[in-house]
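Listed here are the chains, written in short residue letters.
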Amino acid sequence: MTRIGVLILAAIMSSGAAGQGRKPELDLPEIIISASAPELIRGKKERIPLTGFGASVDLISGSMDRTPVAFPEMLETHDVPDIYGESGTRAPCLAGFLGPLMGVSGRMRAAARAAQKDDWGKVVELMTPITSNTGSVPEIPKALYWIGVAKQHLNDLSGSVNALERLRREYPGNQLTEHAHYKLGWIYLKSRNIERVVEITDDFRRLYPDSPLTPYVRHLKAATQYVERDYQGALETMQGIISGYPMFPDLDSIQFWIAENAFFAGRLDVAEKNYTLFITNFPGHQRIPQALYGRAFSFMDSGRADEALQDFRRLTEDFQNHPLASDAALQAGKICLLTDRQSQASGYFNRVIRETGSEHLKTEAMAWTEFERGQFRQAESLFLKAHKSPCDNHRNESLLFMAALCQFRSGNFQQSARLFESIAENSSGALAATSWANAGIAEMELGDYPAALILMNRALSSTDYFKSRVVYELFTAEILYRLGYHDRSQEMFQSLMEPDIPEAIRGEAVRGVAWNLYARKKWEDAAEMFSEYLQIFPASPYTPEMLLRQAECYFNNGRYDIARIKFDALVQGYPLHPEAFEARLMNGRILWVQEDYEGARMVIEAALRLSSGGEQRQDVRILSGDLERDTGNYPEAEKLYQMAFLDAPVSLRASEALLKQADSLYNMRRYDDAKAVYRRIVADFPRSDEAMTAQYAIGLIHFQKNDLEAYLSECFLFADTHPGTDQGALALAGAAEILVEQDRHDEAGRVYARLLSQFENVIDTQLTRFRYAQVLQNAGKTATAVENYQLLLRNHPHGLFSADAAIALGDLASDAGDYSEAFEYYENAVTGFPHHPRYSDALFKSGSLAMQAGNNDMAADRFRTLTEKFPESKYYHEAGLKLGMLLISAGEISKALDCINTAILSPDRNIAVRAYFHKAGLLEAAGETEESLKLYLKISYLFKDQREFVYRSLMQAGRMMFNQGRAAEADRIFAKARQYAGGDETNNTDLIRGSGGLE
């Protein structure tokens, strides 16, 4: 609340921890807007648009993720020992018939001829008897190896593994065992048994460090890394093969896989270079279409859409029958769509629909056609249909991504966010990161910035390369700004101001830094940053906004002359722009601040003549009303606010105009008229901030009239109408303080209980719990009060009111006679809160109980600390007196006398008289009889209201006179003493003589 409720609420809530609050006086000072120390923050940063950053901000680029090529195939080695032996000795047609009758050599030759005809079943049939031989047959390793090879050809991977593993196990030194390692690694890789692949490759490096198969096994390792999406690792392994084995026979294949891994590792420059080398150096290679496909995506991700389009077009034209041709046409259509070439996009999509034999690609092309037409509902349905058809899983998720994007484009942000999150949860790599980010942007569109920040952070925490990361960083910085995390937002915006960042993003980043400085009220720095934006981006559509905010920064910094120059420049450069209208009003405000009220009125009236529409007239009249109210002209201000409301009765500022009108009536003490306007605000604008202020102000009017029951009713009504709000909590707290002041502790307790149960998230729970316990204690509900004090102490052991709670619990325990428990509570305050305002209270009470328990050393330590460090404490003099008594007991008379002299100065007459009495006793014990006698007699005429000590002092004085032989004087003193003893004391000096003494 910023208006009339603030002063009263501040007064109500500013009472001390002990609950001694008082309601404010009814004659409140006038509440006006002061222009003596102006600070204007009118600006509101426009959100970063979702268009203008190309593919990424359009959120389509996520669908351009390409599917990885199937993992690298096994390279055939060229040095496998010949198993054929002396081939050709028998006709191939006889091999099947004569095989069983042959010896080992014959079986080997027959198997060789069967292998030449790809009759792998016959190879297994001929070789198996050899492997079953129990004798030492030298051909067994060769037979096991070729059974493994044959069964691999027959797709019997289990049988192949069994044969090759037996070869590794039983014949580790055989040359074919090296080849068995290599074969097994690929078989395990095909079955996705990665652990066994790693084990195989590690064993190979250990057992055969100089094997000619080493580059092949490295290739196997790279393939394994590729399958595991460790693209950077695979890239480094492949590059190692090229650098270490320049004569390797399969360098063409390695070149291609280097490019593939570089692409998926985000090393686009390396990928493009190696794709180009492969296409140039190996033009007839079977993977040229895939290389063109990969290079096109490299160009696309580098922002070179035209070059990407050329490669996709070449693929579709030169390799029309290749499986990638239709997909390349589809991708070409997407690029044309993203680069505003709709007619070409339609041509590519229609070509896919017409020519492809894949129903899946046809459905996707139809989906893109509908997307290009803006028919997002139909496009979503088609993308989902394509998603459900069999295809590569990665591509499948990209189609689901597009369905989520269609939901986003059709305004269904909630459903879109959930689908993006589902995609992210069920995918990995770049697609997961992009999906998290797009879910975050959808949440941002819903206004749920905390949720958006969580999702964006998940995206940016990904270690995988993904497209347009800088765009998502830009949106994350924007979200941080919206959440008020200005330091973090500014830091992230600044990281996006580097020269290599696209200009559109850099421009938004500079704006973001400027706005964060503006929000943090760093006016000079903000003005410089707005100026920097204007210099770097002079043709920006944000130029008028930047000029206006720069001038406002100078205004807020008190540099009015420069501000006015900037406002004038805006008016001259953009006379019809809405920001120019704001600048005219600001020039009026500058004259107002400089107390040139007539000049301000003239400028504001000129702005009124130039205003277009009711809302602009309303802005001018509200400013005019503020000027009149600032000069104390409430009647004129009230009229202007009323006219401002009538200018635009349904505008965003209509309720503000009414509230200011009511405030003016309030300050004119026209309470009934003010109440009527306040009620109108509550009725007509129930959801506005002004409605809450107005409803509370109605209660304040009752308060002003001292109609406290009506005020309480309004407070309760306000809390019912605005449950869980700050203002509702303030209303209840104000009501509770009034009830406490009226000693209506039971009712106040119920209010505090309601605050704790219904407003826990907006109140100071410690203060409220403490006040609740206090009113329970005052209401005589000691047990419940103790429970709440203990709850406060337990939940907040080091809280602001924990020491107060501990002292209160100590007092209650002491009143109940439980001195041991009381001492523990006081000690809690002493040991746990050395800087608390009531620390001295705890010291005194702890020391008093220690003294009562006979622990004089602890008591003396507590009292000494108090008297040395807290001379302003209310217990200062009494602690000194008690310390003096303890020092007397310890025989330290000189120190005791110093403490007692301090206590004599106490404004509390009971403490002072006791100090005098003890000092007189000390002087008497020291033999200074006359000084002691004077003090006893001094007590009798200085402290006549302290009857007990006057009586005891007179008795001591009479006894001393009697002992000095001054019987007559003693009798007069005893007679006077009887007056203070109620006249019941005997005048027998022998009996009186033994009375008195120290306390």
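Basis of the calculations
Residues numbered from 1 in each chain as written. Predicted model: local features only at pLDDT ≥ 70, side-chain atom pairs only at ≥ 80, totals over all residues. Heavy atoms only, no water. Helix = DSSP H or I, 4+ residues; strand = E, 2+ residues; numbered from the N terminus. Buried < 20%, exposed > 50% of the residue type's maximum accessible area, 1.4 Å probe, protein only. Contact = heavy atoms within 4.5 Å. Areas by Shrake-Rupley, 256 points an atom, 1.4 Å probe, with all protein chains shown as cover. Expected span 1.5 Å × (residues − 1). Polar contact = N/O pair within 3.5 Å; in protein donor to acceptor, adjacent residues only side chain to side chain. Lys, Arg positive; Asp, Glu negative; His and termini not counted. Salt bridge = Lys/Arg side-chain N within 4 Å of Asp/Glu carboxyl O. Core = buried A, V, L, I, M, F, W, Y, C linked by side-chain atoms within 4.5 Å. Axes fitted to C-alpha atoms, helices over the stretch in contact; angles between N-to-C directions. Parallel < 35°, antiparallel > 145°, perpendicular 65-115°, else oblique. Left-handed = near helix turned anticlockwise from the far one by under 90°. Nonpolar A, V, L, I, M, F, W, Y, C, P; charged D, E, K, R; others polar. pLDDT = per-residue confidence, 0-100. Phe/Tyr/Trp six-rings, centres within 6.5 Å; stacked < 30°, edge-to-face > 60°. Lys NZ or Arg CZ within 6 Å of the ring centre and 35° of its normal.

**Q** Which residues make up the overall build of the protein, and what values do they have?
**A** What the protein contains, in helices and strands, is 51 helices and zero strands. Here the protein holds 999 residues, and the buried ones make up 55% of them. Considering only contacts in the protein between residues 6 or more positions apart, those separated by 24 or more positions represent 55%. Counting every atom, the protein has about 44,200 Å² of accessible surface; 49% of that belongs to carbon and sulfur.

**Q** An account of helix H39 (residues 765–778) is needed here, citing residue identities and associated values.
**A** If you check H39, its first and last C-alpha atoms are 20 Å apart, about what 14 residues at 1.5 Å a residue would give, namely 20 Å. When H39 is considered as a whole, its buried residues turn out to be Gln766, Leu767, Thr768, Arg769, Phe770, Arg771, Tyr772, Ala773, Gln774, Val775 and Leu776. Packed against the buried residues of H39 are helix H37 (726–741), helix H38 (745–758), helix H40 (782–795) and helix H41 (802–815). At the N-terminal end of H39, a side-chain oxygen is found 3.2 Å from the backbone nitrogen of glutamine 766, two or three residues along, and the residue is aspartate 764. Taken from the residues just after H39, glycine 780 is the one with a positive phi, measuring 85 degrees.

**Q** Describe unusual backbone geometry, with residues and values.
**A** For glutamate 595, which is not glycine, the phi torsion reads 65 degrees and is therefore positive. Although it is not a glycine, arginine 669 adopts a positive phi angle of roughly 60 degrees. Relative to the helices and strands, arginine 669 is located in the loop between helix H33 (654–667) and helix H34 (671–684). Exposure remark for arginine 669: the relative accessible area of 46% places this residue in the partly exposed category.

**Q** So what's going on with the side chain of glutamate 579? Residues and values would help.
**A** Within the element layout of this structure, glutamate 579 appears in helix H29 (residues 578–593). In this structure, glutamate 579 is buried with no salt-bridge partner, the nearest side chain bearing the opposite charge being arginine 549 at 4.1 Å. Ignoring any residue separated from it by four or fewer positions in sequence, one finds glutamate 579 in contact with Pro544, Glu545, Leu548, Arg549 and Leu570.

**Q** Quick one: what's the story with the nonpolar core, residue by residue and with numbers?
**A** Grouped together as the largest cluster of nonpolar side chains are 180 residues, with contacts concentrated most on Met127, Phe371 and Phe383. Leu659, Ile738, Leu776 and Cys899 belong to the second-largest nonpolar core, a separate cluster that totals 92 residues.

**Q** Go over the packing of helix H35 (residues 689–704) against helix H36 (residues 708–721), please, and point to the residues and values.
**A** In contact at an axis separation of 7 Å, H35 and H36 are set at 165 degrees when each is read in the N-to-C sense. With respect to their mutual orientation, H35 and H36 come out roughly antiparallel. Like other packed secondary-structure pairs, H35 and H36 cross with a definite hand, here left-handed. Residues Met692, Gln695, Tyr696, Ile698, Gly699, Leu700, His702 and Phe703 of H35 touch H36, and the partners they reach there are Leu708, Ala710, Tyr711, Glu714, Cys715, Leu717, Phe718 and Thr721. Of the residues in the contact of H35 with H36, the class split is 11 nonpolar, four polar and one charged.

**Q** Describe the side chain of glutamate 380, naming the residues involved and giving the relevant values.
**A** If you trace the backbone, glutamate 380 turns up in helix H18 (residues 376–388). Buried and unpaired, glutamate 380 has no salt bridge, with arginine 377 as the nearest side chain of opposite charge at 4.3 Å. Side-chain polar atoms of glutamate 380 contact the side chain of glutamine 407, separated by 2.9 Å. Excluding anything up to four places from it in sequence, glutamate 380 contacts Ala403, Cys406, Gln407 and Gln415.

**Q** Tell me about helix H11 (residues 251–264), residues and numbers included.
**A** The first and last C-alpha atoms of H11 sit 20 Å apart over 14 residues, in line with the 20 Å expected at 1.5 Å per residue. By the criterion of burial, H11 is predominantly enclosed, with 13 of the 14 residues buried. Phi turns positive, to about 85 degrees, at glycine 266, one or two residues after H11.

**Q** A description of the confidence of the model for the protein should follow, citing residues and the corresponding values.
**A** On average, the protein scores 83 in pLDDT, and the residues at 70 or more come to 88%. Ranking the elements of the protein by mean pLDDT puts helix H1 (residues 4–13) last with 30 and helix H24 (residues 486–495) first with 94.

**Q** Give a description of the packing of aromatic side chains that names residues and reports values.
**A** Applying the stated criterion to the full structure yields 40 aromatic pairs. For the ring pair phenylalanine 844 and tyrosine 875, a centre distance of 4.4 Å and an interplane angle of 10 degrees mean the geometry is stacked. Placement of phenylalanine 844 in helix H43 (residues 839–852) and of tyrosine 875 in the loop between helix H44 (856–869) and helix H45 (876–889) is noted, with a sequence separation of 31 residues between them. Judged by its relative accessible area of 7%, phenylalanine 844 is buried. Members of the aromatic cluster, joined through ring pairs, are Tyr226, Tyr231, Phe256, Trp257, Phe263, Phe264, Tyr275, Phe278, Phe282, Tyr293, Phe297 and Phe312. Positioned above the aromatic ring of tyrosine 542, the side-chain terminus of arginine 511 is 3.8 Å from the ring centre.

**Q** Got a sec to walk through the environment of isoleucine 701? Specific residues and values, please.
**A** By the secondary structure assignment, isoleucine 701 is in helix H35. The buried category is assigned to isoleucine 701, whose relative accessible area is 0%. Distance from isoleucine 701 to arginine 669, taken between C-alpha atoms, is 9.3 Å for residues 32 residues apart in sequence. In contact with isoleucine 701, other than residues within four places in its own chain, are Tyr666, Tyr671, Ala674, Lys675 and Tyr678.

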